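One letter stands for each residue in the lines below.
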Amino acid sequence: AVVSTQSTGDPDTGTGVPRDKAPSPRGTPKENKESRKKTLKKATPDKDKPQEMQFYTQLAHGGSTKRINTFLSLKDLYSKLAIELEIDIRKIMFCTLNTPKVDMRHLLSGLVVYNDFIFVHIQGQARQVQIKKEEKALGITITDNSMGCCFVKRIKPGSVAEKSGHLHVGDQLCKLGDTSLIGCRHYVVAAKLRDIPVGGTLDLVLVEPKQGFDSNLCPRRAPTIPSTASTDSIQDGRATVRIKSDGTVQEAVSCSWLEAAKLKVDDLLESYMGIRDLELACTLLETSDDNTTKEDFAAEINEMLGEFGFPEDFIESVWSVITEEREKAEAAATAEN
């Protein structure tokens, strides 16, 4: 049997096209559906694409609230803060998260959660002090902002530093005698302070953080921002960035092993070197990031921190801590999956 189909004629060529195949001026339902899919795909953000970081910021001593977005390094962050807050980048001493107070428990140093409120502490008044070194240790923990500013992070109760009344948490150490400390890493400054003999005098130039009119200034609340991650993802580190000691920034997947290892390395520092320095411990751990063998790790430690003269057995002990804590973290991650 022959089935004939009606056709529509082409006025120019006279050729016929089957009616059921004739194109619609607006496209066939199938074509329209495919077109809508493409349009929707373009309009819908990629779920796998990393969310843009967003932070609100303000000068710790008071001022208007500004907003900054993604930064690639600590230097990049400081540059953006300086531009938005209209300040000289060299005046930035340190930053605290979600509080304007000089509270080192909230110091911006290791991890930053998306949408944290960053308070920027800048240089205030300078003063010159003299402290007699009555004991081997001053009793202070110092750190730096990786941008050339070294400051007091903690003061041990009952220590020489506390009894003197001249040193305060947050003070920047600018000069020791005739030697400038600006631009030095914290472990270099610590070594210089240790070199002063017991009975000697430390002649220091210090700069305190600038204070507002009201020392009890309450943090201004940031505008409500839609969360880019669940509470669980913030707790396990997936919604955070990690600022390394060299100032670079990376996505933090899980840093629980680092925290445990840092405390153990701090204990090793006290056992082998007679000092406690969590910042130095963190620097030692981060040196292991690009090293897969103990030998490579030891070589880089000697190159970066050779002035400390770390004994071989100390470096071996640190490497053991690193491998042990990493293995624990990997085992825990495997068990969860």
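Residues numbered from 1 in each chain as written. Predicted model: local features only at pLDDT ≥ 70, side-chain atom pairs only at ≥ 80, totals over all residues. Heavy atoms only, no water.

**Quick notes on the overall build of the protein**
So, step 1. In terms of regular secondary structure, the protein is built from 9 helices and 14 strands.
So, step 2. The 337 residues of the protein split such that 38% are buried.
So, step 3. The long-range share in the protein, meaning contacts at least 24 apart out of those at least 6 apart in sequence, stands at 60%.
So, step 4. When the accessible area of the protein is evaluated, it comes to approximately 20000 Å², of which 50% is carbon and sulfur surface. (Helix = DSSP H or I, 4+ residues; strand = E, 2+ residues; numbered from the N terminus. Buried < 20%, exposed > 50% of the residue type's maximum accessible area, 1.4 Å probe, protein only. Contact = heavy atoms within 4.5 Å. Areas by Shrake-Rupley, 256 points an atom, 1.4 Å probe, with all protein chains shown as cover.)

**Overview of helix 4 (residues 186–195)**
So, step 1. Looking at helix 4, one finds that the buried residues are His186, Tyr187, Val189, Ala190, Ala191 and Leu193.
So, step 2. Where the residues of helix 4 are buried, they touch strand 8 (140–144), strand 9 (150–155), strand 10 (172–176), strand 12 (201–209) and helix 7 (278–286).

**Let's talk about the nonpolar core**
So, step 1. The biggest cluster of nonpolar side chains holds 23 residues, and the ones touching the most others in it are Leu280, Leu284, Leu305, Phe310 and Phe314.
So, step 2. When contributions to this core are tallied by element, the ones reaching two or more residues are helix 6 (256–273), helix 7, helix 8 (294–304) and helix 9 (312–336).
So, step 3. Sequence-distant contacts of Leu305, defined by excluding residues within four places in its chain, comprise Tyr187, Leu280, Thr283, Leu284 and Phe310.
So, step 4. Grouped together as the second largest cluster of nonpolar side chains are 21 residues, Leu77, Cys95, Val120 and Ile122 included. (Core = buried A, V, L, I, M, F, W, Y, C linked by side-chain atoms within 4.5 Å.)

**As for the packing of aromatic side chains**
So, step 1. Using the criterion set out here, one finds 4 aromatic pairs in the structure.
So, step 2. Seen from their ring centres, Phe297 and Trp319 are 5.2 Å apart, and the 35° between their planes marks the pair as tilted. Taken together, the residues Phe297 in helix 8 and Trp319 in helix 9 connect sequence positions 22 residues apart. Summarising the burial analysis for this pair, Phe297 and Trp319 share the class buried. (Phe/Tyr/Trp six-rings, centres within 6.5 Å; stacked < 30°, edge-to-face > 60°.)

**Points about the pattern of salt bridges**
So, step 1. A complete count under the given rule lists 10 salt bridges for this structure.
So, step 2. Its salt-bridge partner being Asp103, residue Arg105 comes within 2.8 Å of it at the nearest N-O pair.
So, step 3. With a shortest N-O distance of 3.4 Å, Glu324 and Lys328 are connected by a salt bridge. Separated by 4 residues within a single helix, Glu324 and Lys328 lie in helix 9, roughly one turn from each other.
So, step 4. Taking relative accessible area as the criterion, Lys328 reaches 46% and is therefore assigned partly exposed.
So, step 5. Several salt bridges share partner residues, and in doing so they unite Lys264, Glu324, Glu325 and Lys328 into one network. (Salt bridge = Lys/Arg side-chain N within 4 Å of Asp/Glu carboxyl O.)

**Section: the pairing of strand 9**
So, step 1. Inspection of the sheet shows strand 8 paired to strand 9 by 5 bridges, in the antiparallel sense. Residue pairing in the sheet places Thr141 in a bridge with Arg154 of strand 9.
So, step 2. Taken together, strand 8 and the strand that follows it, strand 9, pair antiparallel across an intervening segment of 5 residues, in which Ser146 is found at a positive phi of about 65°. (Pairing = 2+ DSSP bridges.)

**Re the environment of Ile118**
So, step 1. Position of Ile118 among the secondary structure elements: in strand 7 (residues 117–132).
So, step 2. Distance from Ile118 to Tyr56, taken between C-alpha atoms, is 6.2 Å for residues 62 residues apart in sequence.

**Remarks on helix 2 (residues 74–85)**
So, step 1. In this model helix 2 runs 16 Å from its N-terminal to its C-terminal C-alpha over 12 residues, within 8% of the 16 Å that 1.5 Å per residue would give.
So, step 2. Taken as a whole, helix 2 has its buried residues at Leu74, Leu77, Tyr78, Leu81, Ala82 and Leu85. Buried residues along helix 2 cover an arc of 135° about the axis, so they all sit on one side. Facing away from the buried side of helix 2, by more than 90 degrees, are the exposed residues Lys75 and Ile83. (Expected span 1.5 Å × (residues − 1). Arc of directions from axis to C-beta.)

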